Every structure is written in C-alpha cells, then in structure tokens.
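Here's the letter readout for the chains.
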Amino acid sequence: MSLFDFDWGLIWDNRGALINGMWTALSVSTVALLISTVVGLLLAVLRNGPRSVSWIAVGYINVFRGVPALVSVIWVYFGLSLVLGISFSVFQAGVIALSMLYSAFLAEIFRSALTAVPHGHTEAGWALGMRTSQIFFSVSLPQAIKIALPNIGSMYIGMVKDTSTFTVIGLLEVVRVTQNLVATTFQPFVLYTAAAIIYVIAAFAIDLVFRLVEGVYVRPPKALLGRAIRARQRRNIDKIVAKTRASSLATAQLFVK
Amino acid sequence: MSTRVDEMRPAGGNAVKTPIVQIRGLHKSFGQTEVLHGINLDIHQGEHVVLFGPSGSGKSTVLRSINLLEEPTKGSLKVDGVEYGPGFADENLKRGTKLQLRRKVGMVFQQFNLFPHLCALDNVALPQRKAQGKSMSDAREHAAEALRKVGLLERAGHYPSELSGGQQQRVAIARALALDPDVILFDEPTSALDPELVGEVLKSMREVAETGMTIVVVTHEFGFAREIGDLNVFMENGRIVESGPRGFYDNCTTERAKEFLKAVK
C-alpha cells in the first residue's frame, strides 16, 4: 500500500473542522497562559521571598510540575467540580487544569529570570531612593521578561500540545475533531497526519510571534516592530535634547558678550 | 543644616559647623565576623573626603553604611542631624527612615549599574519620577540638563550597551546628580574602567566637586585623591588608622600609612 492509495483529499475537505479544533486549543492555551503568567510571577516572587512564605511556592511548584495534564483535567472536571459544587464547562476545566500546571513551570522560569538580573541594579535603585516595589516593576521585571520570553514561548507550545489530552472530557480540540472524523471515514493515518501538521504549524506560528515580541525588548531597538514602538519616545527625547542644547548655547553666548 | 553654604569653606574639618554626616562608634558584622570596629567620621558641607586603604579594610563598607546599603550593627549615623543608624540608647533624637536617607544621599557604583533597558536619558529620569514624583517631561528635561553637565547630552538616546564604560559611569554620575542630593558617594568609580577611560570620569567628578557638592570617594587613584581630598582617611582592618587634611599623602605619620602609600606609588 503506497502513500498515494490514501484519500489525502479528506484533509482539505475537513479543513474547517480541524482549524476550529486548533482555534479551540489556542483559545484554551492563551487564556491559561495569561493566568499562569500572573500566578507564576506571584509564585516566583514568593519563592524568592523569606523562608516563612517561600515554602508555599516551593510546595506548589514541586507538586504541580509533577502532575500530567491528562490527570489534571480529569481531576478538575470530574473531581474538583464535585467538591466545589460548580459544574465547569469543558473549556473552563481545560483552562483551570493548564493554569494549575503551567503556573508552576512559569514560576521557575520567572524565578531564574529574576535571579539573572544583577543585584547591583536593585542596589542602585535603593541608593537612588526608589522603593523596592518601584524597582521591581521599573527595573527588575522588564529585564526578567526579556530573559524569560523564549522559555515562555516554549511553554506556550507545550500548553497547546497538552490540550490534546482534553479530548477525554470532550473538548472539541484537534484530537477530538480528528477522532470524530476517523469514526466516520476510517482513515486514521491521513487524519492524524493532518493533526500532526496542524500542531507543527501552530508551533511555528507561536515561535514567530514570540520572536517578534522578543524583538520589542531588544536594546537598542533593532527589529522593525521595536523601532516603530519606540519612535514616539525617540522623537520626544530628540526634542528635549534639542531644547537643552539650545538653552545651553544661549547661556554660552551670554558669556561671550 | 539644610541651607547651602555659599562661601568657600577652608579645607579640612570646620569645628564650628555641624557636620552633614556624623558617624560615631560604627560597628558592622557579617554573621560572626566583625568588619568595622567602631568608626568615627565627620563630613562637613562641601567637603571632599577620600577613603583609601588595602582591600578588605572596610572602606567600601563605611561608604555603603552612609546610605544604609549596609546596615550598621551598632553605632550612630547622623545626616543633617537626623539619626539613621541604630544610634545610642540614651539619645532621644529625631529618627529617619532608609528611604528618607537615600533621597538625600546619592551614589555611584564601581559597576555603573545603569538600567540596560532604558536609554541614558531615562536612566537619569527614572529615579526622579519614582523617588521625587516628577512627571515624565519634567524628569526628562532635568535629566537632559544633568547629562549636559557630564558632557553626554548628545548620547541621551543611547542605551548603556552602546556607551563606553567611561560614558556609562558619567551617566551614572548624572543620575545621582539629578536627584539634587546633599552628599554623593563614589564607590571605586574608576576601578572597572579601561585605563584610557579613567580620565573622563575623573574630569566629571572634578566638575561635580567644584560645584561645592559634598562628596565621599573610595578610590585607588591617588593623583586624583591628592588633588581633591580635603579630608583623607586611611583605613585598615576595619579601623581608621589615620586621617588628615590636604597634603596628607606627603605628611602622614603612621608607619602603616607610609608603607601603604609607598607600595601603591
């Protein structure tokens, strides 16, 4: 049986369903990424804090890094919902499960990124009369984000792939869509090839987006996007410099006279 | 004493005026190891103080105690008459917070410590916005003026990675200067620089000194120390061995100071 004996046209015929599946996967992952970024950052700060609070973060990170996505989503959808008396939608359950796991991963990424920012910058901030919170948001965090971005991108790709396990709770993501199509067409090889391709395309797209965002954080701004974003600031600085230059020249001339 | 003294002050200590920084019986321990064993030092308005001595002598620790980057274990640190250190139990003085102290005392570091994600202008502007609550445009205009003073106005839009070490350190000087501090501390400001870049930083420091700013410098540049030092303090093993006014480098009396100066010549 050669490759040409398969009905590859199925992929094109069902492109809409497959793309919808990826759209669902991306939606769940994106919401979960936003939540994990905030929670992960909080955990990282806690983790770097005094021992009286850091153990909470250490405990959380070590437990949730170890739970597989499949177990996590079943636990949330069939377990946690019973305990809390809330019936989650499959979408919500997916978001909660992913957020729980990836908050732990992102906490470690942010912790190492914050540690990589030289302590001297914090000291300089103190010496200049800034509060620790001001230093965190204006000095440490912007540098840490730049360091963390490539790893956050990888985590995001991991999240999208982990949504494939949410087929067990019936989330209509790529694998679930594929399974449904296989059930009616009996072409698993063709359809799972399509699923694989669509995951790879998504991974490439995410990588591209993160590269663009990283470009914004490069100093001096090099990429087109980075330069475009800084253009207004650049003009403002040029204006202030010109003004100061003019006033100092005026003073100098006063002395000459 | 918060008013600026406009007249030229005589070199060396001035017994009549209260010192702007007064350190008494300052001790500092790291764990079990005591590194400062009771330091007494008076710094007056407009005075240029040089701290020198072998490495590990505690000169940087003294300097870093003045803005509480190192917190003294014992002793008194008064700035403008306000107590910021542990103080002495019997005194019932006005006490100030670390934040209040640091808004009066500027600092320049050996490693520059510019913020790499901000251009030179914003490095100078950021602390003004955060510590003094200035608006972005006020802070930037004031920052541009400070950069002009160190000769780097034309580099305002450059990022630290685009500047030489000497230029970075001059931005750091402008950054400290722009906050209008009462005192500026320099912690080995030229030690991380290529030899050919030392001169431009010393020139900016000299210009700051000439405005009448009170400065405290830890340095190994003895030519510069000779030139600006109104009060020169030789430290070793966590103690002040000897100190003296201008001309101290040729007239010091202790054997250890003479020996040290001979070795570094």
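Residues numbered from 1 in each chain as written. Chains lettered and ligands numbered in written order. Predicted model: local features only at pLDDT ≥ 70, side-chain atom pairs only at ≥ 80, totals over all residues. Heavy atoms only, no water.

### Digging into the overall build of chain A
Counting its secondary structure elements, chain A contains ten helices and zero strands. Sequence-ordered secondary structure for chain A, helices as α and strands as β, is α-α-α-α-α-α-α-α-α-α. Taken over the C-alpha trace, chain A has a radius of gyration of 25 Å; the compact-globule value for 257 residues is 18 Å, which it surpasses by more than 25%. The dimensions of chain A, computed from C-alpha atoms along their principal axes, are 95 × 50 × 30 Å. In chain A, the proportion of contacts linking residues at least 24 apart, taken out of those at least 6 apart, comes to 73%. Carbon and sulfur atoms make up 69% of the accessible area of chain A, which totals about 13900 Å². Here chain A carries 21 positive and 10 negative side-chain charges, and the mean point of each set is 21 Å from the other. (Helix = DSSP H or I, 4+ residues; strand = E, 2+ residues; numbered from the N terminus. Rg over C-alpha atoms; globule rule 2.2 N^0.38 Å. Contact = heavy atoms within 4.5 Å. Areas by Shrake-Rupley, 256 points an atom, 1.4 Å probe, with all protein chains shown as cover. Lys, Arg positive; Asp, Glu negative; His and termini not counted. Charge placed at Lys NZ, Arg CZ, Asp CG, Glu CD.)

### Thoughts on the packing of aromatic side chains
Throughout the structure, instances matching the rule amount to 17 aromatic pairs over all chains. Aromatic side chains Phe52 of chain B and Phe222 of chain B sit 5.5 Å apart centroid to centroid with 85 degrees between the ring planes, which places their arrangement in the edge-to-face category. Of this pair, Phe52 of chain B sits in strand β3 (residues 48–52) while Phe222 of chain B sits in helix α7 (residues 222–228), placing them 170 residues apart in sequence. The interplanar angle of 70 degrees and the centroid separation of 6.2 Å between the aromatic rings of Phe222 of chain B and Phe260 of chain B together place this pair among those described as edge-to-face. Here the residue Phe222 of chain B occupies a position in helix α7, and Phe260 of chain B occupies one in helix α9 (residues 255–264), the gap between them amounting to 38 residues. Site record: aromatic cluster; members linked through ring pairs are Phe52, Phe222, Phe234, Phe248, Tyr249 and Phe260 of chain B. The side chain of Arg15 of chain A reaches across the aromatic face of Trp12 of chain A, ending 4.1 Å from its centre. When the ring centre of Phe115 of chain B is taken as reference, the NZ or CZ atom of Arg175 of chain B above it lies at 4.7 Å. (Phe/Tyr/Trp six-rings, centres within 6.5 Å; stacked < 30°, edge-to-face > 60°. Lys NZ or Arg CZ within 6 Å of the ring centre and 35° of its normal.)

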